[in-house]
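Next come the chains, spelled out residue by residue.
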Amino acid sequence: MRTKMLAQICLVLLIASVAVTAQAEPIISVTPDFVGPIGCTDTATFTVNYDPNGYEVGGGPVELDGFEIVLENGAGEIIDFTNTDVTNLGWPGMFFNVQVGDQVKVSGATFNSERLVEATDLFTIVVHGTSASGLGELNIATVSLAREGNVNIPVEPWANPMATIEIDCTPPDAPVMLAEPPYTAGNENTVYWNTVADAV
């Protein structure tokens, strides 16, 4: 009887321990400035956001001390990463980005300055359309988050594509001059063109 009671107590303590330690993990998300469509040579801006999602360490909110996020082309590879523009939005410390092929690695470190404890837009990334129409996809390849002492912070699993943008490479309709009569009296003439939706 005593052994059974001890086993039950241990089970209750184990369940309570799991309930206490299990918590939501920080989230990295990507949002386009609009869904498109954009033309082949147009640009699209995506915003990358960090949300601590209530994650705590030592009874207090987690303090983000550094990050590394690698973004890449998704299915179809119709987003152009050439000369990608990355802009720091809310990161308080050192900020770096480097492009390697179709991947862009963005990282930051506070170096003991003010650490992030609240949801923040970290940076924007501007990409271009290519010569193909379709749905451009922006994916996250890897995410690394760290707190003081370079201790890893878990991150909520993400599902690619993180964000999409519609790309339309269809050329606009060309206006056509309407047919003229065989003869117009006088020294002046007015010609007319048909109306097209994408006329500039």
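Before reading further, recall that the structure is shown in the block above.
As the structure is a prediction and not an experimental result, all values here were calculated from the model.

(A) Representation of the state of the cysteines. Using the criterion set out here, one finds one disulfide in the structure. Shown here is the disulfide that connects C40 with C169, its sulfur atoms set 1.8 Å apart. One end of the pair, C40, is in the loop between β1 (27-32) and β2 (43-51); the other, C169, is in the segment after β12 (163-167), and 129 residues separate them in sequence.

(B) Up close: the pattern of salt bridges. On inspection of all chains with the given rule, the structure shows two salt bridges. The salt bridge involving R115 is made with D65; its shortest N-O contact spans 2.9 Å. Within this pair, whereas R115 is found in the loop between β8 (103-109) and β9 (120-129), its partner D65 is found in the loop between β4 (60-61) and β5 (66-73), the two being separated by 50 residues in sequence. The class of D65 is buried, set by a relative accessible area of 15%. E148 is paired through a salt bridge with R115; the nearest N and O atoms lie 3.9 Å apart. One end of the pair, E148, is in the loop between β10 (134-147) and β11 (151-153); the other, R115, is in the loop between β8 and β9, and 33 residues separate them in sequence. Overlapping salt bridges, with partners in common, bring together D65, R115 and E148 in one network.

Conventions used here
- Residues numbered from 1 in each chain as written.
- Predicted model: local features only at pLDDT ≥ 70, side-chain atom pairs only at ≥ 80, totals over all residues.
- Heavy atoms only, no water.
- Disulfide = S-S within 2.5 Å.
- Helix = DSSP H or I, 4+ residues; strand = E, 2+ residues; numbered from the N terminus.
- Salt bridge = Lys/Arg side-chain N within 4 Å of Asp/Glu carboxyl O.
- Buried < 20%, exposed > 50% of the residue type's maximum accessible area, 1.4 Å probe, protein only.

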